[in-house]
Structure formats: C-alpha cells, structure tokens
There are 2 protein chains.
Amino acid sequence: MITAGGSGSRMGTELPKQFLLLHGKPVLWHTIRAFREAYADIHFILVIPAAHAEAGKAILEELNLTAQSVLVEGGATRFHSVQNGLQKVEPGSIVFVHDGVRCLVSPDLIKRCGEQAATRGSAVPAVASADSIRITDEQGGHQSIDRNRVRIIQTPQTFQSNIILPAFQQACRGEFTDEATVVEAAGTPVFLIEGDYRNLKITRPADLLVAETILQERAAQ
Amino acid sequence: MITAGGSGSRMGTELPKQFLLLHGKPVLWHTIRAFREAYADIHFILVIPAAHAEAGKAILEELNLTAQSVLVEGGATRFHSVQNGLQKVEPGSIVFVHDGVRCLVSPDLIKRCGEQAATRGSAVPAVASADSIRITDEQGGHQSIDRNRVRIIQTPQTFQSNIILPAFQQACRGEFTDEATVVEAAGTPVFLIEGDYRNLKITRPADLLVAETILQERAAQ
C-alpha cells in the first residue's frame, strides 16, 4: 500500500510533493517502480485524494501495473487513509505500508522488510541519528537523550495481514503517527530492522535536491 | 570555535570529511567562511588533530584569517577537544562551538545564535523531526515518542564565556555528546532557538551530495 495523501504545504508548492518531478518523472512513479522491482507481481493499493486519482492512475498505467492495482480514496488522517486501504488487503498476505514520498526506497530494503515480516510478523525499518536529540516537556523545558538509544523510523512498515488488519479496527488516537504505533496499541510488539539512510522522505525543497542528485548518480551507474 | 577532529570513518574515505571538496573547496573552508561572513572580526579557534594542522592553516591563510585565528590540538573526545579550545577564549566574549562538517550553516543562523546568547546566556539551534522517532531500552525493546516533542540539535551551540568556561571544568562524562549537556550538568539551563534544515552535518556520502547541490544552487543565485 502506497499512501499518497500529502498536501504539499511544507514544500511551498501548489503541486502535492508526490507529483513533483524527479529526474523527469513524478516522485510517486519512482516509489511505485521500486516496489515493482522488488516484487514484479506485487499487488498495489494506492491511497490517494480523489482530486489526484487521475494522476495516480496515469502513473500506474505508465508502469503497466493497472491489472495488479487498485485506487482507494484517502481519509482525514494517515490512520484513516491506511484503514481505507486495508479493506483491499487479501487475508494471508504481507502488507507493506509505504510513504509515497519516500521515492528513494531500494528494492533491497523492500525485500528485507518482506522477509522479516514473513518470519517475525512485522518489520519496521529504522536508522540511527547522526545528531543529538532533545525531548521537550509540557513546561517548555527539554532534556537530552542518549543518541545511541534513538531510532529514526522509516517505511515500508511491513506486517502480516493477520496482525495489521485487526489492529486497524481500533478507534483512531492522536498518538497513531504510523502503523507501528497502531499495531503496538493492539498489543502486538513490532520488530525494527536496519533501514537505509538514503530512504529519505521528500518533505522540503532540500530533500528534493538530494533525491535528484542520488537518482542522477544511480542512472549514471 | 570550529571543531574539526573527525576521522572520516563513516564516510568510507581516507581523507577526513572536513577536507573533502565541495564546490572545489574543502568542507572546512565553507564552514569558516560562513562565520567570517557573519562577523568579519570574529576570532577563530580551530581545534584540529596535529596531523591536519597544516591543511587547517592553509584554509585560514586562504581566507585571510591568520591574524585573527589560533590552532589548537584536538583531544580524545569532543569534550576534550572543546576543553582544549576553551583555553584560548577571552573572558567576556560570546563563544560559538560549531561542527567543522556543518558547512552549510548560514550567516543568518550564526547571527541569531550570537544575539540570543548575548541576551539569554545560551542559544542552541534545533529543528523538528520529519520522521517518527523511537527510543530503545536496555531490554532490546523500544517505544514511540510524540514527534512534536522531538528536537534535533544542531550547532553552533553558543554561550556567554562566563557560562561555558566554568562548565568545562567538570570531569568528562559519557553523556556529554555536545556542549549543551555539559552546561546543563553544571546547573545552567540552555535555550533552544529555531535552527535551519539546511544546516546539515556531513557524515555520509549522501550528505556530501546534498551539500554540493545546495552550494551550486546558492552560487547560481
């Protein structure tokens, strides 16, 4: 499942960031192609606002994926979008939930997530932090936390369907910022695996620049 | 004070990352030039391993900063390097402690740090996290923390000399990963200010790519 519901407000652009062009193709095209490269017969659930459904459909057509794809309308929050998408999941499958704007995800990372989730029930990619981190409190204060204990969470967050489907039958809560928190709240621990520093999320103009550079570098190889 | 003590081990290169070329100049050259742009008469303390002192000196000469600079040998840890450098600080001054590999720091951010530290005693730039964050525990578990409470810490960490100098008379502790933690351990709260997403730390090859792209973009403006 690819979630492509962002509004682009942080980019300062009219066009939602998943449709900005990278190396001549929309961000979302690169994302979807990475999954096709990992598993040629993977089934795509593209969760996308109605206003962008046509653009999403065009990308799937260009990648010859129409026959193995379904479009689902996004919800008010990420939780609701994923909940909508999960209605199209087949029992007994492995479900990858991936940010449409993480277009540099590698087929290798996707396959590692798939293998780990098949064995352990879940796989959530995470990387270490190169920077010191502080946590603020409600009094306006803040405290340092040991950098070695910090994991920066990425996607695809990957689960066996029998774990993620019942978890999303809960009511939504404010702390559900990703699928891992939803699954944990349902009582199932999630497993972290090593992510990839290049699997960045396109949220700001500088991210688009680095993505462009990395894609050019890959194309030249 | 510019700390330029890294070994480059994470870059997979022989050359320490502060000497890698960006837009035709060493990373460290860009860093030092940003401070010169912010304050033309600023006094530089360059903390650098003895093996790289000549290369550091050459950068200062090229930027016509020899008369207002001093080189200090790095220590075994960041704490000891900064402690060495602080011996050259004049009483009554504002001290900026900056990672040599944060070469995209803007003169604007440097000046905001200087102004805030002059008023409040300290200024530590920090930005929000675009990603979900988890904290691991000693049992191999991990838990999600509210992303809105996370601050990613940058440099220059900026202090009045009468705050940072006594703080560094403490014995070093493992949790001293930056100057803010040292100052807090001495009993003085530190103030966070809004950092800059582009003020990235060159720690991995992908960072070098984005820095190159951003510098090229700035040069074209």
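Scroll up to find the structure.
Just so it is clear, the structure is predicted and the values come from calculations on it, not from any experiment.

Attention now goes to the nonpolar core. Membership of the largest hydrophobic core comes to 30 residues, with the highest contact counts inside it found for L22, V27 and L104 of chain A together with L22, V27 and L104 of chain B. Among the secondary structure elements, those contributing two or more residues to this core are helix 7 (205-220) of chain A together with helix 7 (205-220) of chain B. In contact with V27 of chain B, not counting residues within four places along its chain, are K17, Q18, L20, L22, G100, V101, C103 and L208 of chain B.

Residues and elements named next belong to chain B. Here the structure, examined in full by the defined rule, presents 20 salt bridges over all chains. The residue E62 makes a salt bridge to K25 at a minimum N-O spacing of 2.4 Å. Taken together, the residues E62 in helix 2 (residues 53-62) and K25 in strand 3 (residues 25-26) connect sequence positions 37 residues apart. In this structure E62 comes out as partly exposed when scored by relative accessible area, which is 45%. Given a relative accessible area of 26%, K25 falls into the partly exposed group. With a closest N to O distance of 2.6 Å, D99 and R78 form a salt bridge. In this pair, D99 sits in strand 6 (residues 94-99) while R78 sits in helix 3 (residues 78-86), placing the two residues 21 residues apart along the sequence. Owing to a relative accessible area of 6%, D99 belongs among the buried residues under this scheme. The exposure class of R78 is partly exposed, given its relative accessible area of 24%.

Much of the literature gives interface size as the accessible area that the parts lose upon coming together. Listed per partner, the contact involves 38 residues of chain B and 39 residues of chain A. Of the roughly 3600 Å² buried between chain B and chain A, counting both surfaces, carbon and sulfur atoms make up 54%. Linking chain B to chain A there are 4 salt bridges. At the level of elements, strand 8 (133-136), strand 9 (142-145), strand 10 (150-153), helix 6 (179-185) and helix 7 of chain B are the ones that each hand at least two residues to the side of chain B that touches chain A. Among the elements that line the side of chain B that touches chain A, the one with the most residues is helix 7 of chain B, at 7 residues.

Looking now at the relation of the copies chain B and chain A. You can overlay chain B on chain A at an RMSD of 0.0 Å; the transform is a turn of 180° with a shift of 0.0 Å along its axis. Taken together, these values place the two copies in the relation of a two-fold axis. Judged by C-alpha distance, V210 of chain B is the residue of chain B that lies nearest the rotation axis, at 2.3 Å. When the interface residues of chain B are mapped onto chain A, 100% of them are again interface residues, pointing to one common binding face.

Glancing now at the pairing of strand 10 of chain B. Each regular strand displays side chains that alternate between the two surfaces of the sheet. Alignment of strand 8 (residues 133-136) of chain A against strand 10 of chain B, held across 3 bridges, turns out to be antiparallel. Looking at strand 10 of chain B, one finds that I133 of chain A is bridged to I152 of chain B. One ladder, built from 2 bridges, connects strand 7 (residues 122-127) of chain B with strand 10 of chain B; its direction is antiparallel. Each bridged residue has a counterpart across the sheet, and for V127 of chain B the counterpart in strand 10 of chain B is I152 of chain B.

This part covers the packing of helix 7 of chain A against helix 7 of chain B. At their nearest, the axes of helix 7 of chain A and helix 7 of chain B sit 9 Å apart, and the two run at 115° to each other. When the interaxial angle is binned, helix 7 of chain A and helix 7 of chain B end up roughly perpendicular. The crossing of helix 7 of chain A and helix 7 of chain B is right-handed. Taking contact as the criterion, the partners of A206, L209, V210, T213, I214 and E217 of chain A in helix 7 of chain A are, on helix 7 of chain B, A206, L209, V210, T213, I214 and E217 of chain B. Considered class by class, the residues forming the contact of helix 7 of chain A with helix 7 of chain B number 8 nonpolar, 2 polar and 2 charged.

Parameters and conventions
Residues numbered from 1 in each chain as written. Chains lettered and ligands numbered in written order. Predicted model: local features only at pLDDT ≥ 70, side-chain atom pairs only at ≥ 80, totals over all residues. Heavy atoms only, no water. Core = buried A, V, L, I, M, F, W, Y, C linked by side-chain atoms within 4.5 Å. Buried < 20%, exposed > 50% of the residue type's maximum accessible area, 1.4 Å probe, protein only. Helix = DSSP H or I, 4+ residues; strand = E, 2+ residues; numbered from the N terminus. Contact = heavy atoms within 4.5 Å. Salt bridge = Lys/Arg side-chain N within 4 Å of Asp/Glu carboxyl O. Buried area = accessible area lost by both parts, 1.4 Å probe. Least-squares fit on C-alpha atoms with pLDDT ≥ 70 in both. Pairing = 2+ DSSP bridges. Axes fitted to C-alpha atoms, helices over the stretch in contact; angles between N-to-C directions. Parallel < 35°, antiparallel > 145°, perpendicular 65-115°, else oblique. Left-handed = near helix turned anticlockwise from the far one by under 90°. Nonpolar A, V, L, I, M, F, W, Y, C, P; charged D, E, K, R; others polar.

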